[in-house]
Amino acid sequence: MDNSITTQAVTFDVFRFNSETDYLPYYKKYTLEVTSEEVVLDILNRIKWEHDGSFSYRRSCRHGICGACAIKVNGKGVLACKERMSDLIELFGTSMSIEPLSEKRAIKDMIVDKADFWDSHEKVKPYLVAQIDESPESENLVSVEEHEALLEADLCIQCGLCHYSCPSVEINDDYFGPAAFVAAYRFNADVRDSATVDRLEQINAPAQGVWDCVKCFECQEVCPKDINPIEKITKLHNMVFSEFVALDNVATRHAVGFASSIRKHGMLDEGELVRYSEGTIPMILKHGVVGLKMLKKGKVVPPWKMPKSDKLDEIQALVRSSSTAEF
Amino acid sequence: MQDKLTYALFTGCTAKQSTPEQLKSTYAVASKLGIELIELSEASCCGASHLQDYDDFLSLVLNARNICYAESRGLTMVTICNTCQLNTAMTKQRLDSDEKLKARVNEKLAEVGLEYKGSSQITHFLYAIIDDFGLDKIASMVKTPLSQFNIAPFYGCHNIRPSELQNSSHRTKENPYKPTSLDELIVACGGVNVDYEQKNKCCGFHAELQAPHTAAVLTGNAMAGAIDANADWMVTPCPLCHLKLDTQYGHAGEAVGREVKMPVLHMQQMVGLALGCTPQELGFEHHLSEVDFIDAVN
């Protein structure tokens, strides 16, 4: 393998904005000779040190653990101190944009106001809630298996990459976002904790809770610590049912509806799923117009023509024997 | 002489109900390419990334059962829905990497005389034709090049993320921040591929009932992005994205404050058009956003 250091000219379109003086953000171009061993943070430093001392960004540890230097390059969320320029050049070529995590929350250049991120965190009680015996007679041991149940959720560095890559966060200000859900899972999965139901009631509420997840997997893709937030979101969904805090609403019925449809047909009955989830009258009001158009175009199968899977009895036997949830 | 390509086809539920044109065009394209598809008629719903929110173990057992039927036929499973691909491939990954979990699932499957082995690959039809048939060969068979069209690819989340899972399912390596397979397929069909910001973004389908505003904005943004990039139409490998883009343009337009209606084709319909399939074979009559350019092609 060739380990020699190579150099390449790369043009950066850099987001510039000072909320105290600028009415609108603008982009400034910088062309730099980039060496094959540099990371994105080196580029930020060189822009500041060699071109414009007013260029602003957060950075601290330079070791991928403080989470301060999270930004976006060509729309890809990165920890600037971890992301190698050679990988980005291979992916995007020699022209790329450098932007803050969230443009609408920019304070100065790369620096964003993460207040919404911390507010969401706060609401899920991201700390241990437990009655601690101040003079215990023996150690309060947590077994290896019990610790493994946290599924590395305790490795989150709160960098905000998943939160500001989440389309649901971008559109819905109430939505807690993947990082807060990871924190909720981390303490709900802790055997010492006693606030599981409180947290579940928060993350189960419409608009702010896990049910607004669009299942795009952006959070898993972007996480620099490989925490896999959407896996924790699924675990929280499961806890909502196992701890009996599930509300009887469109979101829970939508998930449960799959099990009842599979029991009946093997396949999903699409029309029945919408009816079961919404209720008959809301279904007609919300989906009636589009539904009629679909019916005319042969996109709705009437109940008496619903296709069924072959060997349906086998599927039904498995649904009976393997179901682990109740609603 | 190369053996005939044969796959076990997992149709999913949508192709049998709300996107019949997708099933028709899959068979039409397979027939043109000389690919044999054996339908997994025993398969159940994959749970569409929602069943596991309610009952994760049941979802694993049902998906493992579906895979068993591809294994017993000794075939690679081909999916035609991104979400079927995600759920099935993820089940395979979880079972193949966790002996204890596999044993628990197999205990249930044994009750109906089945065993999950892990011997079948699972790949989306898009990657099957790229990997096993080849873009060059498709290009060489094109009868009516789509050169007059600017075509916007819409990849659909569950074919590109999580990339670690997806890239273990097929030989084409896709980067979710800059996917290329569908662009290359457009070019192979003689079309002009359009670049736009939302091509690798979410359409919102999975939150449509519980978060209708979020879902509508995502669809609206995607379609507006394609329109602003001068696309004549969009193309997608996912029937769920297709449903969202083809039928929900009204809500989407209201959510983003502009009209966003435009024709949206399934990937199979685009390939079929280029290979000379008839509009009837491709099922264009089922679209809500009328496919109004067919006369210009033939």
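A short note on the packing of helix H10 (residues 250-265) of chain A against helix H13 (residues 312-322) of chain A
Relative orientation and spacing of two packed helices are given, respectively, by the angle between their axes and the distance between those axes. All names here are of chain A. Contact pair H10 / H13: the axes reach a minimum separation of 7 Å and the direction vectors enclose 140°. Here H10 contributes Ile 262, Arg 263, Lys 264 and His 265 to the contact with H13, which in turn contributes Leu 312, Ile 315, Gln 316 and Val 319. Of the residues in the contact of H10 with H13, the class split is four nonpolar, two polar and two charged.

Points about the domain arrangement of chain A
Residue and element names in this part refer to chain A. Segmentation of chain A into domains returns domain 1 (7-112), domain 2 (115-133 + 142-242) and domain 3 (250-322). Centre-to-centre, using C-alpha coordinates, domain 1 lies 28 Å away from domain 2. The interface is formed by 15 residues belonging to domain 1 together with 13 residues belonging to domain 2. When domain 1 packs against domain 2, close to 1100 Å² is buried across both sides, 54% of that on carbon and sulfur atoms. If you sort the residues of domain 1 by the area they bury against domain 2, Leu 101, Lys 104 and Arg 105 come out on top, with a joint share of 39%. Our count for the domain 1 to domain 2 interface comes out at one salt bridge. Taken together, domain 1 and domain 2 are joined by five residue pairs in polar contact (both at pLDDT 80 or more).

Re the pairing of strand S4 (residues 76-79) of chain A
For a regular strand, side chains alternate in direction, first toward one face of the sheet and then toward the other. All names here are of chain A. Along S4, one buried face is formed by Lys 76 and Val 78 and the opposite face, lined by Gly 77 and Leu 79, is buried too. Relative to S4, strand S3 (residues 70-73) is paired through four bridges, and the arrangement is antiparallel. Bridging from a neighbouring strand, Lys 72 pairs with Gly 77 of S4. Here S3 folds back onto S4 in antiparallel fashion, the turn holding two residues, of which Asn 74 has a positive phi close to 50°.

A look at the interface of chain B and chain A
Tallying the contact residues gives 70 residues for chain B and 64 residues for chain A. Carbon and sulfur atoms supply 62% of the area that chain B and chain A bury against each other, a total of about 5800 Å² over both sides. Contact with chain A buries area across many residues of chain B, yet Tyr 54, Tyr 177 and Leu 209 of chain B alone supply 16% of it, more than any other trio. At the junction of chain B and chain A, the tally comes to four salt bridges. Its salt-bridge partner being Glu 314 of chain A, residue Arg 65 of chain B comes within 2.9 Å of it at the nearest N-O pair. Viewed at the interface, chain A and chain B are joined by 30 residue pairs in polar contact (both at pLDDT 80 or more). Grouping the amino acids of the side of chain B that touches chain A by side-chain chemistry returns 31 nonpolar, 25 polar and 14 charged.

Considering the sheet that holds strand S8 (residues 264-266) of chain B
Residue and element names in this part refer to chain B. Spatial strand order, S6-S5-S7-S8: four strands in an open sheet with parallel pairing. This sheet does not close on itself; its edge strands, each paired only once, are strand S6 (192-193) and S8. Looking at chain direction, strand S5 (residues 150-153) and S6 are connected through two bridges and run parallel. Residue pairing in the sheet places Asn 150 in a bridge with Val 192 of S6. Contacts from helix H12 (residues 239-247) reach strand S7 (233-236) and S8, with the element oriented near 160° to S8.

What to know about the environment of Val 289 of chain A
Relative to the elements of secondary structure, Val 289 of chain A occurs in helix H12 (residues 280-296). In this structure, the C-alpha to C-alpha distance between Val 289 of chain A and Cys 69 of chain A, residues 220 residues apart in sequence, is 48 Å.

Here we look at the domain arrangement of chain B
All names here are of chain B. Taken domain by domain, chain B comprises domain 1 (6-124) and domain 2 (135-297). The distance between the C-alpha centroids of domain 1 and domain 2 comes to 23 Å. In this complex, domain 1 contributes 29 residues to the contact, which on the side of domain 2 involves 38 residues. Carbon and sulfur atoms supply 61% of the area buried between domain 1 and domain 2, which totals about 2600 Å² over both sides. Together, Glu 21, Lys 32 and Asn 82 form the three largest contributors to the area buried by domain 1 at its contact with domain 2, with a combined 24%. Joining domain 1 to domain 2, the criterion identifies one salt bridge. Along the contact surface separating domain 1 from domain 2 lie 13 residue pairs in polar contact (both at pLDDT 80 or more).

Topic: the pattern of salt bridges
Residues and elements named next belong to chain A. Applying the stated rule across the entire model yields 32 salt bridges over all chains. For the salt bridge of Glu 272 with Arg 275, the shortest nitrogen-to-oxygen distance reads 3.1 Å. Taken as a pair, Glu 272 and Arg 275 lie in helix H11 (residues 270-278) at a separation of three residues, close to a single helical turn. A cluster of three or more residues bridged by salt bridges with shared partners is formed by Arg 16, Lys 28, Asp 52 and Asp 109.

A few points about the environment of Cys 213 of chain A
Mapped onto the elements, Cys 213 of chain A comes out in the loop between helix H7 (196-204) and helix H8 (218-222). Taking the C-alpha atoms as reference points, Cys 213 of chain A and Thr 234 of chain A, 21 residues apart in sequence, are found 9.8 Å from one another. Setting aside residues no more than four positions away along its own chain, Cys 213 of chain A makes contact with Tyr 175, Ile 230 and Ile 233 of chain A together with Ala 207 of chain B.

Cut-offs and rules
- All chains use their own residue numbering, which begins from 1 and follows the written sequence.
- A letter from A marks each chain and a number from 1 marks each ligand, given out in the order of writing.
- Local features in this predicted model are restricted to residues whose pLDDT is 70 or higher, and side-chain atom pairs enter the listing and the counts only when it is 80 or higher, whereas totals over whole chains, interfaces and linings include all residues.
- No hydrogens and no water enter the side-chain calculation; it runs on all heavy atoms of the structure.
- Lines fitted to C-alpha atoms define the axes, with helix axes restricted to the stretch in contact, and inter-axis angles between N-to-C directions lie between 0 and 180 degrees.
- By the criteria applied, helices consist of DSSP H or I runs no shorter than four residues and strands consist of E runs no shorter than two, each listed in order from the N terminus.
- Two residues qualify as a contact provided that any one of their heavy atoms is within 4.5 Å of a heavy atom in the partner residue.
- Residue polarity is assigned by list, with Asp, Glu, Lys and Arg as charged and Ala, Val, Leu, Ile, Met, Phe, Trp, Tyr, Cys and Pro as nonpolar; anything else, Gly included, falls into the polar class.
- For the purposes of this description, domain bounds are those given by an automatic or database domain assignment.
- Buried area: the accessible surface (1.4 Å probe) lost by two parts on joining, summed over both.
- Salt bridges are defined as contacts in which a side-chain nitrogen from Lys or Arg sits within 4 Å of a carboxyl oxygen from Asp or Glu.
- The term polar contact refers here to a pair of N or O atoms within 3.5 Å; inside protein, the definition further demands a hydrogen-donor-capable atom paired with an acceptor-capable atom, and it admits residues adjacent in sequence only when both atoms are side-chain atoms.
- Exposure classes here rest on a 1.4 Å probe applied to the protein chains alone. A residue is buried below 20% of its type maximum, exposed above 50%, and partly exposed in between.
- When DSSP finds two or more bridges between two strands, those strands count as paired.

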